[in-house]
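Here are the chains, one letter per residue:
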Amino acid sequence: MSLASELLQYLLSGLTMGGIYALVALGFVIIHNVTGIINFAQGEFVMLGGMFMVTLVGAGVPTVPALVLSVILVMIVVGIMEFGAIRSAKRASPVSLVIITIGLSTAIRGIALLVWGTNPYRLEPFTAGGPIHIGGATIVPQSLWVIGTTAAVLALTFFMFEYTYWGKALRACVVNKFAARLMGINPQKMSLFAFVFSAALGALAGIVIAPITYVTYDMGLMLGLKGFVAAVMGGLSSTPGAVIGGIALGVIESLGAGLVSSGYKDGIAFIILLLVLFLKPGGIFGTFGSKRV
Amino acid sequence: MKELTRRKRLRHFLIALFTVFIFVLPFFVSNNYYLSVLVVIGIHTTVVVGLCLLMGYAGQISLGHAAFYGLGAYTSGILTSTYNISPWLAILAGAMGTGIVAYIMGIPIFRLKEHYLALATLGLGLIIHVVFMEEVELTGGPSGLSKGIPYLAIGNIVFNTDFKYYFLVWTVALLAIILANNVVHSRIGRALRSIHGSEIAAQSLGVDTGKFKLQVFALSAVYASIAGSLYAHYITFISPSPFGLMTSIQFVVMAVVGGLSNIWGPILGVTGVTVLTEGLKSIVPQLIPQAGGEYEIVVFGLILVIIMIFLPEGLTSGVVRLYEEWRYRKERADETS
């Protein structure tokens, strides 16, 4: 393989993982913007999505209804979680809320372990067919599904933000929570909405990636972390930033694993993250400057 | 002023009382398993005391402390097993090395704030963990150091049983607590609390916030490193797995569960979390016979959530608040009767 086709190969596999990171990062940003919480359970939403999908398909449900049903199931679980745990903790400080999400993610992982065990589950690709060759690089059809789904979901998200009441209300909370409240936007409803929406994003990511990486009960931890990294690279409050951060992280990781060392893959991603933070302390798309006190 | 000295005296009295309790306790614990749990609690307490200084007083989060813990453990392990250097010198080398690493890495990291700071420390921790995994010639890679790490010894006393090691570990832990207590109630401690309150206000009053944050970060890294060295000489074998992200998160959880702004927080937090984990490990299989060892994490996660919902300032403040509410109600009852 020539260097050019090798690079193309890394780029393509980076884009696939990057799409997943982007979806997770978007969930982070939405929840953080509305509630100020860093939700460490975000990765578990991805795992739950994949697990429900595998179980439903295994039970003989056709792909499309299984997909819709899995997403709805994850949304219900997360809705209960927000209602039961996040809302009850009114007096908690931001650090305590983060610990609550860590506790929830531990509990979800434990329940997944009880229900599904430690075995990795495999999901059949959405469409059959061999790998596709592009300019010396190969790509499995499922990767196209991942990239396509990411693009479609992102388009839908931006449409929702721009043109629907809920999207506008969400953006209003992002700009100024207090003013949004004065305008009659219920922050509790918005918090629930943000969590459930992020759950749907995570679940979708888990479903489309399942045929490529297998689904295990503990896949959520690392995915959640990478999503967090992507979100911070993008500035933590910018939705386009989260998407670009996610894709950039995927590509950097894949290039690092291919060109330097696969063992140092995670290390490289984090070294770049630290460099980004040192050079631009507010993230690539963040605003960093004077703050009113 | 009189009130102050009285509180100070009470504090010293409590510390003395606790010291006596700690050194009498092992004579009543005959079970080796319980002793080993107490040793682990002592080691973790040392780490968490440092972390509490950083989080509770300076108000800065660190999600990478397991890496400093690991740096101490690996420095001790490698220097004593591969290079036959005296364990005590190795502990000192580890502590100094880790302190210097933390100080230098802290310079750019502590320009960041809040979530960015959390992420940067998390990244630092992961990078160091990857180095433990990948530098196979030095660290033995994922399977760990192949050569045995010697026990610690003073003269003829070799610390090779849980009972003897208990005293060593808890002496270190108590020294760590006393030192932290002195730092907190000194000029530096007041400066740190001012950073927690409002960094900008502190700066405008002439507190060199950057310097203090770095110093307390380096101090907490030294604590973690010494605890790591003690861990290495206790288990006498190390591999990268106990020094990963989960351990870092566990340290933060212990600190927050105990309560951040009180010197008793770390002890309560570490004891609470450790007893809970160990207790669930033995209780859950009895209740559900077919359940394996790892199912206790469900209960653990839920209990964590419940503690944080009902006692968001942690166990120490929670207990104090409950006591004050009870006293208030009692006084009210006395007045009306």
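Quantities reported herein were computed from a predicted structural model and do not represent experimental measurements. (Residues numbered from 1 in each chain as written. Chains lettered and ligands numbered in written order. Predicted model: local features only at pLDDT ≥ 70, side-chain atom pairs only at ≥ 80, totals over all residues. Heavy atoms only, no water.)

Before we go on, may I ask you to explain the overall build of chain A in this structure?
Counting its secondary structure elements, chain A contains eleven helices and two strands. N-terminal to C-terminal, the α/β element order of chain A is α-α-α-α-β-β-α-α-α-α-α-α-α. Taking 2.2 N^0.38 as the reference for a compact globule, 293 residues should give roughly 19 Å; the C-alpha atoms of chain A span a radius of gyration of 19 Å, in line with that estimate. Counting only C-alpha atoms and orienting by the principal axes, one finds that chain A spans roughly 60 × 50 × 35 Å. Residue burial in chain A is summarised as follows: out of 293 residues, 55% are buried. Considering only intrachain contacts with a sequence separation of at least 6, the fraction spanning at least 24 residues in chain A is 74%. Carbon and sulfur atoms form 70% of the exposed surface of chain A, whose accessible area is close to 12400 Å². (Helix = DSSP H or I, 4+ residues; strand = E, 2+ residues; numbered from the N terminus. Rg over C-alpha atoms; globule rule 2.2 N^0.38 Å. Buried < 20%, exposed > 50% of the residue type's maximum accessible area, 1.4 Å probe, protein only. Contact = heavy atoms within 4.5 Å. Areas by Shrake-Rupley, 256 points an atom, 1.4 Å probe, with all protein chains shown as cover.)

Would you mind showing me how to read the overall build of chain B here?
Scanning chain B from N- to C-terminus turns up 14 helices and two strands. Taking 20 Å as the expected radius of gyration for a compact globule of 337 residues, we find that chain B reaches 21 Å, a close match to that expectation. By principal-axis analysis of the C-alpha atoms, chain B measures approximately 75 × 55 × 45 Å. Each of the 337 residues in chain B was classed as buried or not, and the buried ones make up 51%. Sequence separation of 24 or more characterises 76% of the internal contacts of chain B that already satisfy a separation of 6 or more.

What exactly am I supposed to notice about the environment of B:Thr171 here?
Tracing the backbone through its elements, the reader meets B:Thr171 in helix H7 (residues 162–184). For the pair B:Thr171 and B:Phe27, spaced 144 residues apart in sequence, the C-alpha to C-alpha distance is 16 Å.

It is not clear to me how the confidence of the model for chain A should be interpreted in this structure. Could you clarify?
Caution applies to low-pLDDT parts of the model: their predicted coordinates are not meant to be read in detail. When the pLDDT values of chain A are averaged, the result is 83; 94% of them are 70 or greater. Contacts for the low-pLDDT stretch residues 288–293 of chain A, under 50 throughout, to residues beyond four places or in other chains number four contacts. (pLDDT = per-residue confidence, 0-100.)

Hey, could you run me through the interface of chain B and chain A in this one?
Much of the literature gives interface size as the accessible area that the parts lose upon coming together. Taken together, the contact between chain B and chain A spans 42 residues of the former and 47 residues of the latter. Regarding the contact of chain B and chain A, the summed buried area is about 3900 Å², with carbon and sulfur atoms giving 80% of it. Together, B:His115, B:Tyr116 and B:Leu119 form the three largest contributors to the area buried by chain B at its contact with chain A, with a combined 17%. If you look at where chain B meets chain A, you find one residue pair in polar contact (both at pLDDT 80 or more). It is helix H5 (residues 114–134) of chain B that provides the largest number of residues to the side of chain B that touches chain A, a total of 13 residues. Residues of the side of chain B that touches chain A, tallied by class, amount to 32 nonpolar, three polar and seven charged. (Buried area = accessible area lost by both parts, 1.4 Å probe. Polar contact = N/O pair within 3.5 Å; in protein donor to acceptor, adjacent residues only side chain to side chain. Nonpolar A, V, L, I, M, F, W, Y, C, P; charged D, E, K, R; others polar.)

It is not clear to me how unusual backbone geometry should be interpreted in this structure. Could you clarify?
For residues besides glycine, phi is generally negative; the peptide bonds are generally trans as well. The backbone of B:Asn84 shows a phi angle near 55°, a positive value even though the residue is not glycine. Secondary-structure assignment places B:Asn84 in the loop between helix H3 (65–81) and helix H4 (87–109).

Whenever I open this one, the nonpolar core confuses me. Can you help?
Grouped together as the largest cluster of nonpolar side chains are 191 residues, with contacts concentrated most on A:Ile100, A:Leu170, B:Ile43, B:Tyr69, B:Tyr165 and B:Ile238. Filtering out sequence-adjacent residues up to four positions away, B:Tyr165 remains in contact with B:Val39, B:Leu152, B:Phe159, B:Leu230, B:His233 and B:Tyr234. (Core = buried A, V, L, I, M, F, W, Y, C linked by side-chain atoms within 4.5 Å.)

Explanation requested: the packing of aromatic side chains in the structure shown.
The geometry of an aromatic ring pair is captured by the separation of the ring centres together with the interplanar angle, meaning the angle of the planes. All names here are of chain B. Here the structure, examined in full by the defined rule, presents 28 aromatic pairs over all chains. With a centroid separation of 5.5 Å and an interplanar angle of 70°, the aromatic rings of Tyr 69 and Phe 243 are classed as edge-to-face. Here Tyr 69, found in helix H3, pairs with Phe 243, found in the loop between helix H10 (209–235) and helix H11 (245–258); they are 174 residues apart in sequence, far enough to count as distant. Ring centres of Phe 159 and Tyr 165 lie 6.5 Å apart, and the angle between their planes is 80°; this geometry places the pair in the edge-to-face category. Residue Phe 159 is classed as buried on the basis of its relative accessible area of 9%. (Phe/Tyr/Trp six-rings, centres within 6.5 Å; stacked < 30°, edge-to-face > 60°.)

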